[in-house]
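Structure at a glance
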Amino acid sequence: MFEKEDVFPLSVDVFRLIRDFIRDYCGIFFDDNSQYLLEKRLSRRLKIHQFSNFRDYFRYLLYDKNRDEELSAIIDILTVNETYFFREQNQLKAFSEEILPEIKENKKSQKKLRIWSAGCSTGEEPYTIAMLVLEKGLFNNWDLEIFGSDINQRVLQIARSGAYRKNSFRTTEPYYIKKYFREEESFFKISDSIKQYVNFTHLNLLDPFKVKLVGIMDVIFCRNVLIYFDHPSRKKVVDMFFERLSEGGYLLLGHAESLINITTAFTLKHLKYDMVYQKPIKKGVHIDV
C-alpha cells in the first residue's frame, strides 16, 4: 500500500502571490489552470519545512536567508526537461550546412567560435552541437567553446555526468552513438573528445548580472524555453540574447516559437533547411575583428 500524499490547500490569492513571485524570479509563468499543479507539487516542500499552510511558506520564500536554495528546489520540481539528441533535424542541418560555413568564412582570422545552449536541460543539445561542429571539420585549431546553461540544478548534474539512457537517442544515427559514446551497463557515456568542448553552468536568464558574464556568442540556441515565459519575460530574455550575440550572429528558437510581437531587432533569414533569426550587421562594421 502507498501512503497517501499530503496536499495542503492553496487559496487563489496565495496561488497568485507565489505564481507571480516565481515569474518575477525566473520568468516561468503558471496560468490559472496550473493552481492544482503548484498545490500538489509544492505541498511536498511545505511538509519538508514543516509549514502548515501556503501563506507561511510564501513568507519563507520572501524573507528567509535560504530562499535562493528553496527557489532552486522549486524550479527543479516544477520544470519539465524533456529533450534528446539531434532534436529538430532541419534546424540542425541549417546550423551545420549553412550557418557554420558562414561563420568559418566571417571569422577566419579570429579563429574563435562560441555557441550557447540556453536552457540546455540534461545536456543533449550542447553535446549534439559539439558533435556537429567536430563532424563539419571546419574549425580545426580554432578556439571552440560550447556553453550550456539551465536554471535547474538537477538536470545540470545529469548534463555534467554525460551519461544517458536509450530514450535520449530516439533520432540519433548509429554512426554518432558508435563514434562518440561508450556503453556502460545501462548507460551510454559521452566521450571526452566531445565533453572537453562543453561547459555547463547554473544560470537564470533573467539575472542581468550573471548573463553578462556569458560574454559574446556567435550562435545562441534557445529552443522550447520561451514557451514557459510570460510576454514581458520573453522580451527581456530576447533583448538580452540580442546583446549577447555578435554582429551577424544567429538565434535559433524552437519551431513553436517566434519573435512576433516580441521584437523587430532581428532579421528573419530564410535558409535552405530552415528559417532562423540573425542579428543584423551594422553598416561599417566588419565581423572579423
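Residues numbered from 1 in each chain as written. Predicted model: local features only at pLDDT ≥ 70, side-chain atom pairs only at ≥ 80, totals over all residues. Heavy atoms only, no water.

1. So, the confidence of the model for the protein chain
It should be kept in mind that the predicted coordinates are not to be read in detail where pLDDT is low. In this model, the protein chain carries an average pLDDT of 93, and 96% of its residues clear a pLDDT of 70 or more. Confidence scores differ between elements of the protein chain, with helix α4 (residues 67-78) showing the lowest mean pLDDT of 88 and strand β7 (residues 217-222) the highest of 98. (pLDDT = per-residue confidence, 0-100. Helix = DSSP H or I, 4+ residues; strand = E, 2+ residues; numbered from the N terminus.)

2. Quick word on the pattern of salt bridges
Under the counting rule described, the total for this entry stands at 18 salt bridges. Notably, a salt bridge pairs Arg 23 with Asp 230, separated by 3.8 Å at the nearest N-O pair. Residue Arg 23 is located in helix α1 (residues 12-26), and its partner Asp 230 is located in the loop between β7 and α11 (231-244); the two are separated by 207 residues in the primary sequence. Classification of Arg 23 as partly exposed rests on a relative accessible area of 22%. By relative accessible area, which is 13% here, Asp 230 ends up buried. In this structure, Arg 182 and Glu 184 form a salt bridge, with 2.7 Å as the shortest nitrogen-oxygen distance. Residue Glu 184 is classed as partly exposed on the basis of its relative accessible area, which comes to 34%. (Salt bridge = Lys/Arg side-chain N within 4 Å of Asp/Glu carboxyl O. Buried < 20%, exposed > 50% of the residue type's maximum accessible area, 1.4 Å probe, protein only.)

3. Side note on α4
Here α4 contains 12 residues, and its C-alpha end-to-end distance of 16 Å stays within 8% of the 16 Å for a straight helix at 1.5 Å per residue. Where α4 is concerned, the buried positions are Glu 70, Leu 71, Ser 72, Ala 73, Ile 74, Ile 75, Asp 76 and Leu 78. Those residues of α4 that are buried lie in contact with α1, α2 (35-49), α3 (54-63), α7 (153-161) and β6 (198-202). (Expected span 1.5 Å × (residues − 1). Contact = heavy atoms within 4.5 Å.)

4. Some words on the nonpolar core
Judged by nonpolar contacts, the single largest core of 48 residues is most densely connected at Trp 116 and Phe 241. Among the elements of the structure, α1, α2, α3, α4, β1 (112-118), β7, α11 and β8 (245-253) are those that each provide at least two residues to this core. When residues no more than four places from it in sequence are discounted, the contact partners of Phe 241 are Trp 116, Ala 118, Leu 205, Ile 220, Cys 222 and Leu 251. Counting 39 residues, the second largest nonpolar core, distinct from the first, contains Ala 94, Trp 142, Phe 188 and Leu 271. (Core = buried A, V, L, I, M, F, W, Y, C linked by side-chain atoms within 4.5 Å.)

5. Quick notes on the sheet that holds strand β4 (residues 181-184)
The strand order β3-β5-β4 describes an open sheet built from three strands, whose pairing is antiparallel. Strands with a single pairing partner mark the edges of an open sheet, and in this sheet they are β3 (163-164) and β4. Looking at chain direction, β3 and strand β5 (residues 187-190) are connected through two bridges and run antiparallel. Within the sheet, the bridge partner assigned to Tyr 164 lies in β5 and is Phe 188. (Pairing = 2+ DSSP bridges.)

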